[in-house]
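Residue-level listing of the chains:
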Amino acid sequence: MMIIAGPCSIEDKSFINLSKKLKELGATHIRGGVFKPRSSPFRWHGIGEEAFSLIKEMKAEVNLPFVSEAMNPKQIEQLYPLVDIFQIGARNQTDSELLKEFGRQDKPVIMKRGMATTIEEFVMYADYIISEGNPNVILCERGIRTFENYTRNTFDINCIPAVKELCNLPIIADASHGTGKRSLVIPVTMGALAAGADGIMVEVHQNPEQAMTDGQQSLTINMFAELMKKINLFKRYMEASDVKA
Ligand code: PEP
Ligand code: MN
């Protein structure tokens, strides 16, 4: 099961230590934003190229595959030597020309669900990547826009079993963006796994209150440890009951 964990944005050297701890606790992949999409051009957009040496250091010391978002062909080229899996963000998910560019890459791609993309459209958009020659697409449910505003987005649990009915692509669950609230991330992640998700993506920060982006939805390291305990129990239960986890 894919457990992708890490900060919303790579900020500084603390990324290395955080990644080490996440690996010890059971993360299989490290995430970290380099080029950040933001709702306002006047907000902070990530450390960009300054992150490259930190990613190299993380890979040398922690030795886990790395996931990060590219928003245009130039960023795809810049991130290519550093990422093991590309991420397509929710804001760019319906950009068919960009999807085709990811289709020409020989690395897997996580495609987040757009905020207003229906389940059937989500599956169809994946074909832009696949038909260009890249079959390694992993879908990611990360919440959609609804009238509900207690949460940042509404995590659509329906999407997980529905995608399984519609195609053979793996789907992972991002309850961090799907809820926008740290206190809801663990239960919603567990719900998604029970619904059949093939893995998870979760934001974790060594000090969420100080995070440059998405601190309110980032787990503390202790919370990630608690989540991993629950995931390991769930995996054991699924194995014991002989149901595919
Ligand atoms: C992220 O993963 O930090 C991110 C920006 O996600 P999304 O595209 O789902 O909003
Ligand atoms: Mn984020």
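Residues numbered from 1 in each chain as written. Chains lettered and ligands numbered in written order. Predicted model: local features only at pLDDT ≥ 70, side-chain atom pairs only at ≥ 80, totals over all residues. Heavy atoms only, no water.

Enquirer: What am I meant to see in helix α6 (residues 159-166) here?
Expert: Helical geometry: 3.6 residues make up each α-helical turn, so side chains three or four residues apart lie on a common side. Among the residues making up α6, those that are buried are Cys 159, Ile 160, Ala 162 and Val 163. Down the axis of α6, the smallest arc covering the buried residues is 165°, so these residues share one side. (Buried < 20%, exposed > 50% of the residue type's maximum accessible area, 1.4 Å probe, protein only. Helix = DSSP H or I, 4+ residues; strand = E, 2+ residues; numbered from the N terminus. Arc of directions from axis to C-beta.)

Enquirer: What is the right way to look at the layout of surface pockets in this model?
Expert: It is the rolling of a water-molecule-sized probe over the atoms that shows where space remains empty. As a volume, the largest pocket reaches approximately 360 Å³. Lining the largest pocket are 21 residues; nearest its centre among them are Pro 37, Arg 91, Arg 152, His 177 and Asp 214. (1 Å grid on protein atoms, 1.4 Å probe; cavity = no way out; pocket = protein on both sides within 12 Å on 5 of 7 lines; lining within 4 Å. Points joined across faces, edges and corners; volume = space filled by probe spheres on them.)

Enquirer: I tried to follow the pairing of strand β1 (residues 2-6) on my own but got confused; where do I start?
Expert: Consecutive side chains of a regular strand alternate in pointing toward one face of the sheet and then the other. Along β1, 5 of the 5 residues are buried, which leaves the element largely enclosed by surrounding structure. The side-chain alternation of β1 yields two buried faces, one formed by Met 2, Ile 4 and Gly 6 and the other by Ile 3 and Ala 5. Judged from the 5 bridges that link them, β1 and strand β8 (residues 199-203) form a sheet pairing that is parallel. The residue of β8 that forms the bridge with Ile 3 is Ile 200. Running through helix α1 (residues 14-25), the crossover from β1 to the neighbouring parallel element strand β2 (residues 29-31) is right-handed. (Pairing = 2+ DSSP bridges. Right-handed = clockwise from strand over helix to strand, strands pointing away.)

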